[in-house]
Protein chains: 2
Amino acid sequence: MSKTEDEKNNHEECQKLMLPVRDALDVISGKWKILILISLMQGNSRFREIERSIPRITSKVLSNELKTLEEHKLIKRTVYDDYPVRIEYSLTEYASTLEKVVNELQIWGINHRKKILEEG
Amino acid sequence: MSKTEDEKNNHEECQKLMLPVRDALDVISGKWKILILISLMQGNSRFREIERSIPRITSKVLSNELKTLEEHKLIKRTVYDDYPVRIEYSLTEYASTLEKVVNELQIWGINHRKKILEEG
DNA sequence: GTAAGCAGTTTCCTAAAGGTAAGCAGGATG
DNA sequence: CATCCTGCTTACCTTTAGGAAACTGCTTAC
């Protein structure tokens, strides 16, 4: 096999691996989305509750992020017609497929912090 | 336990989970970093080779991302004093700790794409 | 001797993400 | 009746990421 053919094959293989990662990043990238999911995983469900559980997030950002997470079918917004109306956010079943990703990210983050502190 | 106390505990627990994720995101967030790591995992090592393997990346962006990946100890830049000088990038051992994260992201991305296509 | 490859850099620009601060409608609380 | 809570929205502004294009110095291949 020629060198250029070799490179072509390599690049095709690369693409095959990169495409899904791009798809995934489209959905969960950004400073806040995963943190919001974690908050929901921890049992928070009301807007202000979630807001308070995430340091330095603002209403505006939270509101926007919740909307796009809903569009991506990761969370559900439910309006309960109690008096007064109660609004609750919850994870969908689909969101549970993300648990492994979040978990691995957490584990890696913990070790990374350890590494940084060790080295100074 | 009072309700506010309960919330306080919940928030502390949240923080404990969110902090490492933030740390991780600091290192690997952005449109290109993981793709670059994948390219290296696939055996690419020269600047132009990596550049060609990642569709639509530009020299400038690649150059910057390689620098920050090096700062974070995920890759190594080696200058071989051949004639002409050859420069190679490679993954560090530390980078291998990220493999699980990348893998889970890939798996999730594949399923997500499937889901989207099914639903239209 | 000119074109092409290597490993980038430089400058300039745009778009998107995110932050600040304030406000609003409805209900509850003292 | 004043203030606080809820679940947001609005307008504005700053910062950052990222893209386009050109260019550099060096080397090799035709």
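Rules behind the numbers
Residues numbered from 1 in each chain as written. Chains lettered and ligands numbered in written order. Predicted model: local features only at pLDDT ≥ 70, side-chain atom pairs only at ≥ 80, totals over all residues. Heavy atoms only, no water. Least-squares fit on C-alpha atoms with pLDDT ≥ 70 in both. Contact = heavy atoms within 4.5 Å. Buried area = accessible area lost by both parts, 1.4 Å probe. Salt bridge = Lys/Arg side-chain N within 4 Å of Asp/Glu carboxyl O. Near = heavy atom within 4 Å. Polar contact = N/O pair within 3.5 Å; in protein donor to acceptor, adjacent residues only side chain to side chain. Helix = DSSP H or I, 4+ residues; strand = E, 2+ residues; numbered from the N terminus. Nonpolar A, V, L, I, M, F, W, Y, C, P; charged D, E, K, R; others polar. Axes fitted to C-alpha atoms, helices over the stretch in contact; angles between N-to-C directions. Parallel < 35°, antiparallel > 145°, perpendicular 65-115°, else oblique. Left-handed = near helix turned anticlockwise from the far one by under 90°. Core = buried A, V, L, I, M, F, W, Y, C linked by side-chain atoms within 4.5 Å. Buried < 20%, exposed > 50% of the residue type's maximum accessible area, 1.4 Å probe, protein only. Domains from an automatic or database assignment.

By the naming in an unreviewed UniProt entry, chain A goes by Transcriptional regulator and is assigned to Mariniphaga sediminis.

Caption draft 1: Looking closely at the relation of the copies chain A and chain B. Superposing chain A onto chain B takes a rotation of 180° combined with a translation of 0.0 Å along the rotation axis, leaving an RMSD of 0.1 Å. Such a combination of turn and shift is consistent with a two-fold rotation axis. In terms of proximity to the rotation axis, the leading residue of chain A is A:Val101, whose C-alpha is 3.2 Å off the axis. Interface overlap between copies: 100% of the residues of chain A at the interface are likewise at the interface in chain B, consistent with a symmetric, same-surface contact.

Caption draft 2: Spotlight on the interface of chain A and chain B. On the side of chain B, 49 residues touch chain A, which itself brings 49 residues to the contact. Of the roughly 4800 Å² buried at the junction of chain A and chain B (both faces included), carbon and sulfur atoms supply 64%. Sorting the residues of chain A by area buried against chain B places A:Met18, A:Arg22 and A:Trp108 first, and these three jointly supply 15% of that buried surface. Taken together, chain A and chain B are joined by six salt bridges. Between A:Asp23 and B:Arg113 there is a salt bridge; the shortest N-O distance is 2.5 Å.

Caption draft 3: Geometry of the protein's contact with DNA strand D. The environment of DNA strand D is made up of 19 residues, and the closest members are A:Arg46, A:Arg48, A:Arg77, A:Tyr89 and B:Lys60. Among the atoms of DNA strand D close to the protein, meaning within 4 Å, 57% are from sugar or phosphate groups. Take B:Trp32: an N or O atom from its side chain is 3.0 Å from a phosphate oxygen of DNA strand D. With four residues, helix α4 (residues 59–71) of chain A is the single largest residue contributor to the surface near DNA strand D. Of the residues contributing to the surface near DNA strand D, the split by class is seven nonpolar, three polar and nine charged.

Caption draft 4: View of the packing of helix α1 (residues 3–28) of chain A against helix α2 (residues 33–41) of chain B. At a minimum axis distance of 10 Å, the contact between α1(A) and α2(B) shows a crossing angle of 160°. By the angle class used here, α1(A) and α2(B) are roughly antiparallel. Every pair of crossing elements has a handedness; the one defined by α1(A) and α2(B) is right-handed. In contact with A:Cys14, A:Leu17, A:Met18, A:Val21, A:Arg22 and A:Leu25 of α1(A), α2(B) contributes B:Ile34, B:Leu35, B:Ile38 and B:Ser39. Among the residues forming the contact of α1(A) with α2(B), the class breakdown is eight nonpolar, one polar and one charged.

Caption draft 5: Broad picture of the nonpolar core. Judged by nonpolar contacts, the single largest core of 62 residues is most densely connected at A:Ile36 and B:Ile36. Elements that contribute at least two residues to this core include exactly α1, α2 (33–41), α4 and α5 (99–119) of chain A together with α1 (3–28), α2, α4 (59–71) and α5 (99–119) of chain B. Counting contributing residues per domain, this core is built from domain 1 (1–30) and domain 2 (31–119) of chain B, each supplying no fewer than three. Ignoring any residue separated from it by four or fewer positions in sequence, one finds B:Ile36 in contact with B:Ile54, B:Ile57, B:Leu62, B:Glu65, B:Leu66 and B:Leu69.

Caption draft 6: Fine view of the protein's contact with DNA strand C. Taken together, the neighbourhood of DNA strand C is formed by 20 residues, with A:Lys60, A:Tyr83, B:Arg48, B:Ser63 and B:Arg77 sitting nearest. Per the 4 Å cut-off to the protein, sugar and phosphate atoms form 56% of the nearby atoms of DNA strand C. At a separation of 3.0 Å, a phosphate oxygen of DNA strand C approaches a polar side-chain atom of B:Lys67. One of the side-chain N or O atoms of B:Arg77 is found 2.5 Å from a phosphate oxygen in DNA strand C. When residues of the surface near DNA strand C are assigned to their parent elements, the largest contribution, four residues, is made by α4(B). Of the residues assigned to the surface near DNA strand C, the class counts are seven nonpolar, four polar and nine charged.

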